[in-house]
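Observations on chain architecture
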Amino acid sequence: MIPVDSRHPPGIVGISCGELARYSAFTASFAGLAAPAGTQIVIACGYDTAYNSNDVIRALDTFPEAQWVSIWDDDHVFEADTLLRLLDREADVVVPLYTQRQPPFFPCAFKEEHEDGSFQICRWEDLEGRAGLLPVISAGKGGVLIRRHVIEELSKRDEREKPEWFERQGKTGEDHFFYKKCREAGFTVSVDLDVTLGHLTPVEVRPFRNEAGQWCGRVDLKRNVTVECWSKEYQPQDTGGK
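Everything quoted here is computed from the prediction, not taken from an experiment.

Moving on: the overall build of the protein. Within the protein one finds five helices and 17 strands. By its C-alpha atoms, the protein is 65 × 45 × 40 Å across when sized along the principal axes. Classification of the 242 residues of the protein by burial places 46% in the buried group. Expressed as a percentage of contacts within the protein between residues at least 6 apart in sequence, the contacts between residues at least 24 apart total 72%. Here the protein has roughly 13000 Å² of accessible surface; of this, 49% comes from carbon and sulfur atoms. Charge centroids of the protein, computed over 28 positive and 39 negative side chains, lie 3 Å from each other.

See below:
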């Protein structure tokens, strides 16, 4: 992370990760991330992402100058100005736009909560013609930016001695439950359609030979989705379905 002069106050940039690093591409992105001068880094390690996120947020208690907290998962890549652009929005809770890691790679943004506690994901056509902030019911939490006043209000509403902001409830994941708490407290949750993250995912790549005897590399994206990678100069022959 690189401290820069900014009109924004300092905050906390937290990393939620396991005890072993996953992707060097995330480390490279994070090393170049610009943040307002005075911002502190908190690294929360463990297998429970809800616990990690809460650990990052609790650092606000020891850093009164911090006016916001941003939580980063270690399977993303992003531009150096990502955090500053999110801060420019002056939003209560804002998340960069990114896709799910599995096909068909829908956006990690949800437009409706069903009575059974499930959530309706946005499709790409829902975003057509849109720009800027998109109010949502829920989203992922990679790169989420949360203002201090949101955390303080949620803490007041939590009657436990030790508040928890991210937690699971039945089949509802910690991301969904956190954003639900925000909405019930009167805060708007938004996805920034102009600020995007890359979502890293492992894939299998192996040589592939088609029915015409031609070779190429084929990427296995899981869920029975494969992509054959042909060069412009070497295209697959039409075997007529044979």
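With that settled, consider the sheet that holds strand E15 (residues 204–209). Taking strand neighbours across the sheet as the criterion, the three strands line up as E15-E16-E17 in an open arrangement whose pairing is antiparallel. Each of the sheet's edge strands pairs with one partner strand only, and the pair in question is E15 and strand E17 (226–229). Averaged over all adjacent pairs, the angle separating strand axes in this sheet is 30°, with direction ignored. With four bridges connecting them, strand E16 (residues 215–220) and E17 associate as antiparallel partners. Within E17, the residue paired with Arg 218 across the bridge is Glu 228.

Cut-offs and rules
- All residue numbers here refer to positions counted from 1 along the written sequence of the relevant chain.
- Whole-chain, interface and lining totals are the exception, using all residues; otherwise, since this is a predicted model, local features are given only for residues with pLDDT of at least 70 and side-chain atom pairs are given and counted only at 80 or more.
- Only hydrogens and water are set aside; all other atoms, that is, all heavy atoms of the structure, feed into the side-chain values.
- Numbered from the N terminus, helices here are DSSP runs of H or I no shorter than four residues, and strands are runs of E no shorter than two.
- To sort residues, take the accessible area from a 1.4 Å probe on protein chains only and compare it with the maximum for the residue type: under 20% means buried, over 50% means exposed, and anything in between is partly exposed.
- What makes two residues a contact is simply this: any of their non-hydrogen atoms within 4.5 Å.
- A 1.4 Å probe and the Shrake-Rupley method give the accessible areas. Residues count as covered only by the protein chains that appear here.
- Charge assignment: positive for Lys and Arg, negative for Asp and Glu; neither His nor the chain ends contribute.
- Just so you know, the charge point we use is NZ for Lys, CZ for Arg, CG for Asp and CD for Glu.
- Whether two strands pair depends on DSSP finding at least two bridges between them.
- Angles shown run from 0 to 180 degrees and are taken between the N-to-C directions of axes, each axis being a line fitted to C-alpha atoms and, for helices, limited to the stretch in contact.

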